[in-house]
Amino acid sequence: MNPQTLQTLAQPNRLDIVELLYKGPRSVNDIVDRLHLNQPQVSKHLRILADAGIVEVEPLAQQRFYRLKPQPFKALDGWLEKYRQMWNGKFDKLDTVLKKEMKKRK
Amino acid sequence: MSKHETKVTAEPGKQEIWIEREFDAPRELVFKVTTDPEYIVQWWGPKEYTTTIDKADIKSGGQWRFIHHANGQDFGFHGVYHEVLSPERVIDTFEWEGLPEKGHVILETSRYEELPEGRTKLKIQQVFQSVQDRDGMIASGQKKGMEESYERMDEILAKIK
């Protein structure tokens, strides 16, 4: 997991942009309209997101479309998955203890 | 008993982690096995660890210290119980003694919710002192996982030899 991914996504406007792009690629103007931010702001955030490898640009006709790259999200998923597995292992053991106790009570 | 999924949520830039899991047992029993030292030793560590209890004064204001044992190494954890309210809520502090620096304490709140048909939902909120502390805790799990897979690889390599 690249810690830069999390730091980059920690900014609320950037997280909003990522959530919007999750639904599909969008142009800068489209992002500006939907999030009620000004264009320099959106362009700045898109540049930071691109630098972190989170989004990529696709030129289409006269416009530049931004879309999410899957890799950082896969890495993010794996990052949390280990912690989840650790808890899951504990809880599976807790299930066994509960099962034994339930039997005793019957 | 069906197997339930553990849900873990960590939003970017926040200092908290949420852990949720359902159990096919009534709330007072889930509360009992998670707050009674006799049962805690049976489940508290990850699967390859054994756990012993140094201190477990499980009441509001009481202290706790548990130790994990794995591969000849000991890992201590300790804290205090801020509130033990049977069968609905436990609030405690949690510090891992293996960190190079002391004072990185987590505030944990465990909520036990009654579900229909004698089931229970356990919701644990862990609040860290900083975003870095939280991300570091999650990353340490990953490191451990990697070490484990390396060890397993060593074993396989040894067999092939």
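What counts, and where the lines are drawn
- Residues numbered from 1 in each chain as written.
- Chains lettered and ligands numbered in written order.
- Predicted model: local features only at pLDDT ≥ 70, side-chain atom pairs only at ≥ 80, totals over all residues.
- Helix = DSSP H or I, 4+ residues; strand = E, 2+ residues; numbered from the N terminus.
- Rg over C-alpha atoms; globule rule 2.2 N^0.38 Å.
- Buried ≥ 20, exposed ≤ 12 C-beta atoms within 10 Å, placed from the backbone.
- Contact = placed C-beta atoms within 7 Å.
- Pairing = 2+ DSSP bridges.
- Axes fitted to C-alpha atoms, helices over the stretch in contact; angles between N-to-C directions.
- Parallel < 35°, antiparallel > 145°, perpendicular 65-115°, else oblique.
- Left-handed = near helix turned anticlockwise from the far one by under 90°.
- Expected span 1.5 Å × (residues − 1).
- Arc of directions from axis to C-beta.
- Core = buried A, V, L, I, M, F, W, Y, C linked by C-beta atoms within 7 Å.
- pLDDT = per-residue confidence, 0-100.
- Nonpolar A, V, L, I, M, F, W, Y, C, P; charged D, E, K, R; others polar.

A closer look at the overall build of chain A
Okay, so step 1: Looking only at helices and strands, one finds five helices and three strands in chain A.
Okay, so step 2: Mapped from its N terminus to its C terminus, chain A presents α and β elements in the order α-α-β-α-α-β-β-α.
Okay, so step 3: By the compact-globule yardstick of 13 Å for 106 residues, chain A is too spread out, its C-alpha radius of gyration being 21 Å.
Okay, so step 4: When its C-alpha atoms are laid out on the principal axes, chain A stretches across 70 × 25 × 25 Å.
Okay, so step 5: For chain A, with 106 residues in total, the buried portion stands at 24%.
Okay, so step 6: Pairs at least 24 residues apart make up 52% of the contacts formed inside chain A by residues separated by at least 6 positions.

Some words on the environment of Val41(B)
Residue and element names in this part refer to chain B.
Okay, so step 1: Tracing the sequence through the fold places Val41 in helix α2 (residues 37-43).
Okay, so step 2: The class for Val41 is partly exposed, based on 16 C-beta atoms found within 10 Å.
Okay, so step 3: Along the backbone, Val41 and Tyr112 are 71 residues apart, and their C-alpha atoms lie at a distance of 20 Å.
Okay, so step 4: Leave out the neighbours within four places in its chain, and Val41 touches Thr51, Thr52 and Ile53.

Details of the sheet that holds strand β5 (residues 73-85) of chain B
Residues and elements named next belong to chain B.
Okay, so step 1: Taken in spatial order, the eight strands make up an open sheet running β1-β2-β8-β7-β6-β5-β4-β3, and their pairing is antiparallel. What marks the edges here is a single partner per strand, and that holds for β1 (7-9) and β3 (50-56). Adjacent strand axes in the sheet meet at a mean angle of 20°, parallel and antiparallel pairs treated alike.
Okay, so step 2: Sheet analysis places strand β7 (residues 106-115) next to strand β8 (residues 119-127), joined by nine bridges and oriented antiparallel. Along β8, the bridge assignment pairs Tyr112 with Leu122.

Quick notes on the packing of helix α2 (residues 12-21) of chain A against helix α3 (residues 28-35) of chain A
Axis angle and axis distance: for two packed helices, these are the angle between their axes and the distance between the axes, and together they describe the pair.
Residues and elements named next belong to chain A.
Okay, so step 1: Viewed as axis vectors pointing N to C, α2 and α3 meet at an angle of 115°, and their least axial separation amounts to 11 Å. Judged by the angle between their axes, α2 and α3 are roughly perpendicular. Crossing of α2 against α3: the hand is right-handed. Across the interface between the two elements, Asp16, Ile17 and Leu20 of α2 pack against Ile31, Arg34 and Leu35 of α3.

Quick look at helix α4 (residues 39-51) of chain A
Residues and elements named next belong to chain A.
Okay, so step 1: Here α4 spans 18 Å end to end across 13 residues, near enough to the 18 Å set by a 1.5 Å rise per residue.
Okay, so step 2: Among all positions of α4, only Val42, His45, Leu46 and Leu49 are buried. Projection of α4 onto a plane perpendicular to its axis shows the buried side chains occupying an angular sector of 100°, all on one side. Opposite its buried face, α4 presents the exposed residues Pro40, Arg47 and Asp51, each directed more than 90 degrees away.

A closer look at the nonpolar core
Okay, so step 1: Counting residues in hydrophobic clusters, the biggest one holds 11 residues: Phe91(A), Leu94(A), Val97(A), Leu98(A), Phe23(B), Ala25(B), Val30(B), Phe31(B), Trp43(B), Tyr112(B) and Leu122(B).
Okay, so step 2: Ranked by residues supplied to this core, first place goes to helix α5 (residues 70-105) of chain A with four residues.
Okay, so step 3: Each residue touching Leu94(A), except ones within four places of it in the same chain, is listed here: Val33(B) and Trp43(B).
Okay, so step 4: Ile17(A), Ile31(A), Leu46(A) and Ile54(A) belong to the second largest nonpolar core, which has nine residues in total.

Some remarks on the confidence of the model for chain A
Okay, so step 1: Counting all residues, the mean pLDDT for chain A is 88, and 97% of those residues have values of 70 or more.
Okay, so step 2: The spread of mean pLDDT over the elements of chain A runs between helix α1 (residues 3-9) of chain A, the lowest at 79, and α4(A), the highest at 95.

Examining the pairing of strand β2 (residues 16-23) of chain B
On a regular strand, each side chain points to the face opposite its neighbour's, so the side chains alternate between the two faces of the sheet.
Residue and element names in this part refer to chain B.
Okay, so step 1: Here β2 shows a clear split, with Ile17, Ile19, Arg21 and Phe23 buried on one side and none of Glu16, Trp18, Glu20 and Glu22 buried on the other.
Okay, so step 2: Sheet analysis places β1 next to β2, joined by three bridges and oriented antiparallel. Following the sheet pairing, Thr9 is matched in β2 by Trp18.
Okay, so step 3: From the end of β1 to the start of β2, which pair antiparallel, there are six residues, and Gly13 there has a positive phi angle of about 80°.
Okay, so step 4: The sheet contact formed by β2 and β8 spans eight bridges and is antiparallel. Paired with Arg21 across the two strands is Leu122, which belongs to β8.

Focus: the interface of chain A and chain B
You'll often see interface size given as the accessible area lost when the parts meet.
Okay, so step 1: At the interface, 25 residues of chain A touch 26 residues of chain B.
Okay, so step 2: For the side of chain A that touches chain B, the secondary-structure elements that each account for two or more residues are α1 and α5 of chain A.
Okay, so step 3: Among the elements that take part in the side of chain A that touches chain B, α5(A) stands out by supplying 19 residues, more than any other.
Okay, so step 4: Of the residues assigned to the side of chain A that touches chain B, the class counts are 16 nonpolar, two polar and seven charged.

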